[in-house]
Amino acid sequence: MDIDPKQYEQIKINDKDSHNIILSYLIHGCYKETLESLVTSTGLKVTNAQLEDMEKRKRILHSALEGNALDAIHLTEQMSPDLLENNKDLLFDLLSLHFVELICSKNQTEALNFGQAKLAPFGKVQKYVGKLEDFMGLLAYVEPEKSPMFHLLSLEYRQHVVDDLNRAILAHAYMPSFSKLERIIQQATVVRQCLSEELGKDVLSPFSLKDFLKRS
């Protein structure tokens with residue numbers, strides 16, 4: 001047994017609440033143009049400080065996503081001083097993006113030098129050893145995209161690092177690291193999973209967000 005999606009239609013949602021949820025998502029994702037359209041059509045208020053913050057974060061995230069991780073690091077240090085100094089995991093991930101970019105550009109010698117100078121020092125900490133071996137292992141392949149570590153070259157990996165960077169910058173500025181939309185989805189997912197476990201699969205089928213979105 002599962003809940004009929006039509007039952008959700010009986011729950012009335014205030015337009016202002018919906019607009020604020022969308023506003024939070026757009027600010028979080030740095031979708032400035034869409035945000036300005038929403039503000040114009042709904043009368044919602046956005047401060048100049050919020051717009052400036054979005055522009056700065058967008059430039060940082062775009063740099064990291066487009067293969068300019070060193071620029072992203074520099075801009076992050078300008079916007080959020082000491083963030084990367086205190087978040088070595090994120091710094092390693094950003095440096096790894098530049099390393100991967102050198103690999104993809106077939107600059108093996110430069111990649112090796114960069115890896116030894118910037119990534120190897122992380123090997124002194126046990127938790128980085130495995131990741132460091134994976135990245136340095138890419139140098140052994142003429143076609144690294146066919147190596148067992150090919151996922152490190154993927155857009156998905158790059159996007160994962162960029163998402164972590166965005167959340168870290170927001171948290172550093174004492175802003176929510178997740179949008180309201182993400183929090184609502186997370187909460188709804190956890191509640192449904194807990195209900196499924198408590199009531200049993202014969203009463204309520206295991207919850208899948210992907211399947212739920214297909215049915216809605």
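Before going into details, it helps to say that this report is about the structure given with it.

Calculation notes
Residues numbered from 1 in each chain as written. Predicted model: local features only at pLDDT ≥ 70, side-chain atom pairs only at ≥ 80, totals over all residues. Heavy atoms only, no water. Helix = DSSP H or I, 4+ residues; strand = E, 2+ residues; numbered from the N terminus. Buried < 20%, exposed > 50% of the residue type's maximum accessible area, 1.4 Å probe, protein only. Contact = heavy atoms within 4.5 Å. Salt bridge = Lys/Arg side-chain N within 4 Å of Asp/Glu carboxyl O. 1 Å grid on protein atoms, 1.4 Å probe; cavity = no way out; pocket = protein on both sides within 12 Å on 5 of 7 lines; lining within 4 Å. Points joined across faces, edges and corners; volume = space filled by probe spheres on them. Nonpolar A, V, L, I, M, F, W, Y, C, P; charged D, E, K, R; others polar. Core = buried A, V, L, I, M, F, W, Y, C linked by side-chain atoms within 4.5 Å. Patch = residues over 30% accessible without salt bridge, like charges linked within 9 Å, V, L, I, M, F, W, Y side chains within 5 Å. Areas by Shrake-Rupley, 256 points an atom, 1.4 Å probe, with all protein chains shown as cover. Axes fitted to C-alpha atoms, helices over the stretch in contact; angles between N-to-C directions. Parallel < 35°, antiparallel > 145°, perpendicular 65-115°, else oblique. Phe/Tyr/Trp six-rings, centres within 6.5 Å; stacked < 30°, edge-to-face > 60°.

1. What about the overall build of the protein?
Part 1 of the reasoning: Looking only at helices and strands, the protein features 11 helices and zero strands.
Part 2 of the reasoning: Along the protein, helices and strands appear, N-terminal first, in the series α-α-α-α-α-α-α-α-α-α-α.
Part 3 of the reasoning: Buried positions account for 33% of the 216 residues belonging to the protein.
Part 4 of the reasoning: Sequence-distant contacts in the protein: of pairs separated by 6 or more residues, those separated by 24 or more amount to 56%.

2. Focus: helix α4 (residues 69-79)
Part 1 of the reasoning: By the burial criterion, the buried members of α4 are A69, A72, I73, L75 and T76.
Part 2 of the reasoning: Where α4 is buried, its residues meet α3 (48-65), α5 (83-86), α6 (88-104) and α9 (155-172).

3. Here's the deal with the pattern of salt bridges
Part 1 of the reasoning: Counted according to the given criterion, the structure contains nine salt bridges.
Part 2 of the reasoning: For the salt bridge of E143 with K146, the shortest nitrogen-to-oxygen distance reads 3.4 Å.
Part 3 of the reasoning: For K146, a relative accessible area of 61% translates into the label exposed.

4. Describing the layout of surface pockets
Part 1 of the reasoning: Taken as a whole, the largest pocket encloses approximately 370 Å³ of empty space.
Part 2 of the reasoning: As for the largest pocket, its lining consists of 15 residues, of which G29, Y31, L61, Q159 and D163 are closest to the centre.
Part 3 of the reasoning: Of all the elements in the fold, those that place two or more residues in the lining of the largest pocket are α1 (15-29), α3 and α9.
Part 4 of the reasoning: In terms of residue count, α9 provides more of the lining of the largest pocket than any other element does, five residues in total.
Part 5 of the reasoning: Residues of the lining of the largest pocket, tallied by class, amount to six nonpolar, five polar and four charged.

5. Considering the nonpolar core
Part 1 of the reasoning: If you look at the biggest cluster of nonpolar residues, it comprises 37 residues, and the most contacted ones within it are L94, F135 and L165.
Part 2 of the reasoning: Elements with a minimum of two residues in this core: α3, α4, α5, α6, α7 (108-119), α8 (126-137) and α9.
Part 3 of the reasoning: Element by element, the count of residues in this core is highest for α6, at 10 residues.
Part 4 of the reasoning: Apart from the residues lying within four places of it in its own chain, the contact partners of L165 are I60, L61, A64, T76, L90 and L94.
Part 5 of the reasoning: Core analysis: the next-biggest nonpolar cluster, separate from the first, contains eight residues, L23, L35, L38 and L44 among them.

6. Concerning a nonpolar patch on the surface
Part 1 of the reasoning: Among the surface-exposed residues, Y25, Y31, L181 and I185 lie close enough to one another that they form a single nonpolar patch of about 330 Å² accessible area.
Part 2 of the reasoning: The partly exposed category is assigned to Y25, whose relative accessible area is 34%.

7. Observations regarding the packing of helix α2 (residues 32-42) against α3
Part 1 of the reasoning: At their nearest, the axes of α2 and α3 sit 11 Å apart, and the two run at 160° to each other. On the basis of their axis angle, the class for α2 and α3 is roughly antiparallel. On α3, the residues that touch K32, E33 and L35 of α2 are L51, M54, E55 and K58.
Part 2 of the reasoning: The residue inventory of the contact of α2 with α3, partitioned by class, reads three nonpolar, no polar and four charged.

8. Observations concerning the packing of aromatic side chains
Part 1 of the reasoning: Applying the stated criterion across every chain, the model contains seven aromatic pairs.
Part 2 of the reasoning: Between the aromatic rings of F92 and F122, the centroid separation amounts to 5.1 Å while the plane-to-plane angle is 75°, which identifies the pairing as edge-to-face. Of this pair, F92 sits in helix α6 while F122 sits in the loop between α7 and α8, and the two are 30 residues apart along the sequence. As far as burial versus exposure is concerned, F92 and F122 are alike and both buried.
Part 3 of the reasoning: Put simply, the rings of F92, F99, F122, Y128, F135 and Y157 touch in pairs and so form one group of aromatic residues.

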